[in-house]
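# Coordinates in review
For reference, the chains in residue letters:
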Amino acid sequence: MLTYLIRRAVNAVLTLLVVTLVTFGIFFMVPKITGSDPALLYIGKTADAASVEGIRTKLGLADPVIVQYGKFLKGLVAGRDYANGNDVTHCPAPCMGYSFKTDQEVFPLLMGDLPVTLSLALGAAVLWVLIGVSTGVISALRRGSLLDRAVMTGALAGVSLPIYFTGLLALSIFVYWLGWLPNADYTSFFVNPLSWASGLILPWVTLAFLFAATYARLTRANMLETLGEDYIRTARAKGLGERTVIGKHALRSGLTPLVTVFGLDLGALLGGAVLTEAVFNLRGLGYQALTAIRGNDLPVIIGVTLIAAFFIVFINLIVDVLYGFIDPRVRLG
Amino acid sequence: MSTDSLAGLTLPGDRNTRPFLEVKDLTVRFETDDGIVQAVSGSSFTVERGKTLGIVGESGSGKSVTSLAVLGLHRTRSNAKVSGQIWLDDQELVTATDEEVRKLRGGKMAMIFQDPLSAMHPYFTVGSQIVEAYRVHNPKASKKEARERAIDMLARVGIPQPAKRFGDYGHQFSGGMRQRAMIAMALVNDPQLLIADEPTTALDVTVQAQILDLIRDLQAEFGSAVIMITHDLGVVAELADDVLVMYGGKIIERGPATSVFHDPQHPYTWGLLGSMPRLDRDVRDRLNPVKGSPPSLINLPSGCAFHPRCPYAGRNGDRSFTEVPELRGGAHAVACHLPPEDRRRIFEQEVAPNL
């Protein structure tokens, strides 16, 4: 078990390293290929040649690529100094550089947006797991019934309708027409839990609707498959009641594959629920990413990418570890 | 009132005369999108305590469906329709409630399945699965008692270091050990009826013999009735007191094992015996498989279901094609249109020399 954990952890670190290489490569080499100059992007096109040269030295853009990558990595791990003669700027770890647009340090900037995305993703995740899994299980147990067909039709609608449709629909009905809810807005949970929840309920429900639909279909399919397994027949042949057969034997293996999917989905969302944040005008990581991409703000784009990659790799590491506990066959493999 | 006159009374349910397990006119059908699957039609048989009944037939002949019906395992399938009577120790099971049958399942009657790897839950230890089987029928037993019982059973079925293996998972056992553990799980509540559904099919030949010995020993020890389902006639010859031969969901021959083996009556049984490999036969001789393939249970052939594969069909007019043969005879019964004397002659002159 321990070797398994160590192997997974080493794997995760290596994956992150590859991600830094790829993001660094893409975002620093692309300007080279397209002929645009990151120094100009940073300082603005009207600057004089001396200032541009100064900023190029300070950002290390004149160094060989490999040195730049080394400094970039060192910055992430230990922080780095941007220096041009006596003009030294210290960027503490994890240093992701400075926004081209606002000159703010990228990491603290993104950390400021994280609570919004975190609240959005986690709140929605709780909803969609509860709703998706329970309807999926009920559908599987009542296979072919009216309820099953209704749930599956609803789920089909859920997967097919994009966020910007359901989101806007929910907004216009519940906020503008019925006036039951305030417009989506983020208040810190620690300031006022009630307005935190009421401000996020619409984005949660919208996001959860999409995912719950997928989860309901997945759960149903997994449960149906599991219910046809020989070991379920064995459980019944032992004389166990249906409650134990379903609740203990079938759910245990029927829901296990969902852990993987959930890890991927949550990881991806934590890197920014771009569409949802845009529709509800929530200033989270996704919103930040959108702004950065529009403004060609390379350090912010890199920052969001790295944080998103970190969440996906980290949550998948947790999933792998969980699997070791859930499925005894994994431990030996 | 003396005891003598009491013994003369016929009690309700014929307590003294009814066999331990009596299946009467059992019919199982499944409604599917393709049509109605007539899996078992009108099967009747009995098994006494301490006796072994072998059920033989090709895949899809209704062997497993019959045994699952006895255990009431079709109840969870909403498309299954079971009719007829199943009497186990004077209790009728087809009309019994789900809860009554559940209590018998794994207790008074237990089952061993074909593939022990897929029949064991991959996420629970072997020991905990046996403990679960014990505690569901002995709710008052403590965890410790149940654990001791499970380890005891593992030792009984010949698993070395049972206390250590208790905490292992199914995939950590070898095939033979897994089937032993499954047998331990089935026997943990001393069932009086044990159904073994091809218990050795997934195992090595050497292990097969061990498992069969084990089942025979345990049967002798517990005096339970055993139904052995198999397509392996060798297994039946080894273990069974009585044999049912099934074809297309019907019993086509039924009788004591020695009689069925030495004096088989049905052309299909001849075919089964002829397709058995034997050491004492010249290697260059070919096996004589039954030609053709088993019938679809949705669309059974008219008349005798075996007629498309029967070399003797049509010998007596078109009865084979129009009339379903009844299972006739005393201890050794057969469902065949051929007149008994023709059958005897054909067997002695054409079939027996090639067996």
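Just so it is clear, the structure is predicted and the values come from calculations on it, not from any experiment. (Residues numbered from 1 in each chain as written. Chains lettered and ligands numbered in written order. Predicted model: local features only at pLDDT ≥ 70, side-chain atom pairs only at ≥ 80, totals over all residues.)

## Some points on the overall build of chain A
A count of helical and extended segments in chain A gives 14 helices and 2 strands. Within chain A, contacts between residues at least 6 apart in sequence are counted, and of these 66% link residues at least 24 apart. (Helix = DSSP H or I, 4+ residues; strand = E, 2+ residues; numbered from the N terminus. Contact = placed C-beta atoms within 7 Å.)

## Focus on the overall build of chain B
Helix and strand counts for chain B stand at 14 helices and 11 strands. In terms of overall dimensions, chain B is globule-like: its C-alpha atoms have a radius of gyration of 22 Å, near the 20 Å expected for 355 residues. Summarising its shape, the C-alpha atoms of chain B cover approximately 70 × 65 × 50 Å along the three principal directions. Classification of the 355 residues of chain B by burial places 45% in the buried group. (Rg over C-alpha atoms; globule rule 2.2 N^0.38 Å. Buried ≥ 20, exposed ≤ 12 C-beta atoms within 10 Å, placed from the backbone.)

## Let's talk about the UniProt feature "domain: ABC transporter" (unreviewed entry) in chain B
As recorded in UniProt, the sites labelled "domain: ABC transporter" (unreviewed entry) are residues 21-273 of chain B. For the annotated span residues 21-273 of chain B, helix accounts for 40% and strand for 27% of the residues, and the straight-line distance between the end C-alpha atoms is 28 Å. (UniProt positions renumbered as here; feature names shortened; annotations may be inferred.)

## Comments concerning the sheet that holds strand β6 (residues 109-112) of chain B
All names here are of chain B. Strand order in the open sheet made by the 7 strands is β6-β7-β8-β3-β9-β10-β11, with mixed pairing throughout. At either margin of the open sheet sits one strand with a lone partner, and together these are β6 and β11 (333-334). Across 2 bridges, the pairing between strand β10 (residues 250-256) and β11 is antiparallel. Note on β11: the bridge partner recorded for E253 is V334. Helix α8 (residues 175-187) rests against β6 and β7 (193-197) of the sheet, and its axis sits at about 170 degrees to β6. This element, helix α12 (residues 267-274), spans β3 (52-56), β9 (242-247) and β10 of the sheet and lies at about 105 degrees to β9. (Pairing = 2+ DSSP bridges. Axes fitted to C-alpha atoms, helices over the stretch in contact; angles between N-to-C directions.)

## Quick notes on the pairing of β10 of chain B
All names here are of chain B. Counted residue by residue, β10 has 6 buried out of 7 residues, so it is predominantly covered. By the bridge criterion, 6 bridges tie β9 to β10 in an arrangement that is antiparallel. Bridge pairing in β10 places Y247 opposite K250. Between β9 and β10, which pair antiparallel one after the other, the connecting turn spans 2 residues, and G248 there sits at a positive phi close to 55 degrees.

## With respect to the interface of chain A and chain B
Across the contact, 18 residues belong to chain A and 23 residues belong to chain B. Put simply, the parts of the chain that give the side of chain A that touches chain B at least two residues each are α9 (230-237), α10 (242-270) and α14 (328-332) of chain A. Tallying contributions element by element places α9 of chain A first for the side of chain A that touches chain B, with 6 residues.

## A word on the UniProt feature "transmembrane region" (unreviewed entry) in chain A
Residues and elements named next belong to chain A. Here the UniProt feature "transmembrane region" (unreviewed entry) sits at residues 12-30, 118-141, 153-176, 196-216, 258-280 and 300-326. For residues 118-141, the helix share is 100%, the strand share is 0%, and the end-to-end C-alpha distance is 34 Å. Secondary structure over residues 300-326 splits into 100% helix and 0% strand, and the C-alpha atoms at its two ends are 38 Å apart.

## Some thoughts on the packing of α8 of chain B against helix α9 (residues 205-222) of chain B
Residues and elements named next belong to chain B. The contact between α8 and α9 brings their axes to 10 Å, and the two run at 15 degrees. One way to sum up the angle between α8 and α9 is to call them roughly parallel. As α8 packs across α9, the resulting crossing turns out to be right-handed. Where α8 approaches α9, its residues G175, G176, Q179, R180, I183 and L187 are matched on the opposing element by V207, Q210, I211, L214, I215 and L218. In the contact of α8 with α9, the residues fall into 7 nonpolar, 4 polar and 1 charged. (Parallel < 35°, antiparallel > 145°, perpendicular 65-115°, else oblique. Left-handed = near helix turned anticlockwise from the far one by under 90°. Nonpolar A, V, L, I, M, F, W, Y, C, P; charged D, E, K, R; others polar.)

## Quick look at the domain arrangement of chain A
All names here are of chain A. According to the domain assignment, chain A contains domain 1 (2-91) and domain 2 (106-332). Of note, the centres of domain 1 and domain 2, computed from C-alpha atoms alone, are 34 Å apart. At the interface, 13 residues of domain 1 touch 14 residues of domain 2. Elements represented by at least two residues in the side of domain 1 that touches domain 2 include exactly α1 (2-34) and α2 (38-43). At 11 residues, the largest contribution of residues to the side of domain 1 that touches domain 2 is made by α1. Partitioned by chemical class, the residues of the side of domain 1 that touches domain 2 number 9 nonpolar, 3 polar and 1 charged. (Domains from an automatic or database assignment.)

## A word on helix α6 (residues 146-160) of chain A
Residue and element names in this part refer to chain A. With 15 residues, α6 ought to run about 21 Å at 1.5 Å a step, and its terminal C-alpha atoms sit 21 Å apart, in line with that. Taken together, the buried positions of α6 are occupied by V151, A155 and G158. All buried residues of α6 project into a common sector of 55 degrees when viewed along the axis, lining one side. Facing away from the buried side of α6 by more than 90 degrees, the exposed set consists of L146, A150, T153, A157 and S160. (Expected span 1.5 Å × (residues − 1). Arc of directions from axis to C-beta.)

## Topic: the packing of α10 of chain A against helix α13 (residues 298-326) of chain A
Residue and element names in this part refer to chain A. At their nearest, the axes of α10 and α13 sit 8 Å apart, and the two run at 165 degrees to each other. With respect to their mutual orientation, α10 and α13 come out roughly antiparallel. Viewed along their axes, α10 and α13 form a crossing whose handedness is right-handed. Residues T256, V259, T260, G263, L266, G267, A268 and L270 of α10 pack against F311, I312, I315, N316, I318, V319, L322, Y323 and I326 of α13. Considered class by class, the residues forming the contact of α10 with α13 number 12 nonpolar, 5 polar and no charged.

## Overview of the UniProt feature "domain: ABC transmembrane type-1" (unreviewed entry) in chain A
If you check UniProt for "domain: ABC transmembrane type-1" (unreviewed entry), the listed places come out as residues 114-323 of chain A in our numbering. Regarding residues 114-323 of chain A, the helix share stands at 82% and the strand share at 0%, and the terminal C-alpha atoms are separated by 28 Å.

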